[in-house]
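Residue-level listing of the chains:
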Amino acid sequence: MKLLALAASLRADSLNRRLINVAAPLARELGAEVDLAEFSEFTMPIFDGDAQAASGLAPGALALKARIEAADGMLIASPEYNYSVGGPLKNAIDWVSRARPVPFRGKTALLLSTSNGAFGGVRGLWQLRIPLEGCGTFVHPDMFPLPFGGKAFTPEGALVDPAVHQRLRQTIEGFLSATKALAARG
Ligand SMILES: Cc1cc2nc3c(=O)[nH]c(=O)nc-3n(C[C@H](O)[C@H](O)[C@H](O)COP(=O)(O)O)c2cc1C
């Protein structure tokens, strides 16, 4: 089983990148092949239907499309902006959704987030489910919001709290089982 793992932040010191950098090796440990991508590989302009009609998908969107197509599922760590999904990720979903067949269709997704707040970005994850499910993705029912992200990681990048690490492992385990079951269904 192959997964695309991505933190949807361009920030050099992104907390969500720290989270995906823990989640991706855990998924590997649990048997998945993981393509750990950088969001900066997929920069693209603000969606413009005229630009798409004139030139097709932006190069960044084409690159993301190819990486999604090559995977069975996605691990997405997404910052919460203003109680919702971050604009850069929503823009990327909008661009990629214009491809045919829609690359998101039939893929699975596990949504993760972290922020310095007490909710850990979970409100943004609920919003992120909508465009992904609208595009035909099986979004895993369990999600992984990590509160107080600024204090959650050691300087080496591990999760400070072993119980939180264990919860993440179990969440990924459940997601991999669901992805496997869907793949077996064909
Ligand atoms: C435009 C903007 C809006 C934000 N809104 C929220 C919010 O609604 N809830 C929250 O917990 N954090 C919010 N934050 C703080 C981000 O969660 C925090 O900066 C986080 O570290 C961003 O993710 P990153 O570290 O992966 O870049 C916001 C940050 C920005 C830049």
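Just so it is clear, the model here is predicted, and its values are computed rather than measured.

(A) Geometry of empty space enclosed by the protein. All told, the structure shown has one cavity of 30 Å³ or more when counted by the stated rule. Put simply, the largest cavity is a space of about 90 Å³. Residue lining of the largest cavity: Leu 4, Leu 6, Leu 64, Ile 68, Met 74, Leu 75, Ile 76, Leu 89, Ala 92, Ile 93 and Phe 104, and that is the complete set. At the level of secondary structure, the elements contributing two or more residues to the lining of the largest cavity comprise strand 1 (2-7), helix 3 (59-69), strand 3 (73-77) and helix 4 (87-96). Here the residues of the lining of the largest cavity are counted per class, giving 11 nonpolar, no polar and no charged.

(B) Summary view of the site of the ligand. Around the ligand, the neighbouring residues are Ser 9, Arg 11, Ser 14, Leu 15, Asn 16, Pro 79, Glu 80, Tyr 81, Asn 82, Tyr 83, Ser 115 and Arg 123. At a separation of 2.8 Å, an oxygen atom of the ligand approaches a polar side-chain atom of Arg 11. Protein contacts shield 70% of the accessible area of the ligand, which totals 620 Å² for the unbound molecule. Every element with two or more residues in the shell around the ligand is listed here: helix 1 (15-29) and strand 4 (80-81). Residues that form the shell around the ligand fall into these classes: four nonpolar, five polar and three charged.

(C) Quick look at the packing of helix 3 against helix 4. It is at 9 Å that the axes of helix 3 and helix 4 come closest, and there the two elements cross at 80 degrees. The orientation of helix 3 relative to helix 4 falls into the category roughly perpendicular. Of the residues in helix 4, those in contact with Ala 61, Leu 64, Lys 65 and Ile 68 of helix 3 are Ala 92, Trp 95 and Val 96. Among the residues making up the contact of helix 3 with helix 4, the classes are represented as six nonpolar, no polar and one charged.

(D) A look at the pairing of strand 2 (residues 33-38). With six bridges joining them, strand 1 and strand 2 adopt parallel strand pairing. Paired with Leu 6 across the two strands is Ala 37, which belongs to strand 2. Assessed by its sense of winding, the connection that carries the chain from strand 1 through helix 1 to strand 2 is right-handed.

Calculation criteria
Residues numbered from 1 in each chain as written. Predicted model: local features only at pLDDT ≥ 70, side-chain atom pairs only at ≥ 80, totals over all residues. Heavy atoms only, no water. 1 Å grid on protein atoms, 1.4 Å probe; cavity = no way out; pocket = protein on both sides within 12 Å on 5 of 7 lines; lining within 4 Å. Points joined across faces, edges and corners; volume = space filled by probe spheres on them. Helix = DSSP H or I, 4+ residues; strand = E, 2+ residues; numbered from the N terminus. Nonpolar A, V, L, I, M, F, W, Y, C, P; charged D, E, K, R; others polar. Near = heavy atom within 4 Å. Polar contact = N/O pair within 3.5 Å; in protein donor to acceptor, adjacent residues only side chain to side chain. Areas by Shrake-Rupley, 256 points an atom, 1.4 Å probe, with all protein chains shown as cover. Axes fitted to C-alpha atoms, helices over the stretch in contact; angles between N-to-C directions. Parallel < 35°, antiparallel > 145°, perpendicular 65-115°, else oblique. Contact = heavy atoms within 4.5 Å. Pairing = 2+ DSSP bridges. Right-handed = clockwise from strand over helix to strand, strands pointing away.

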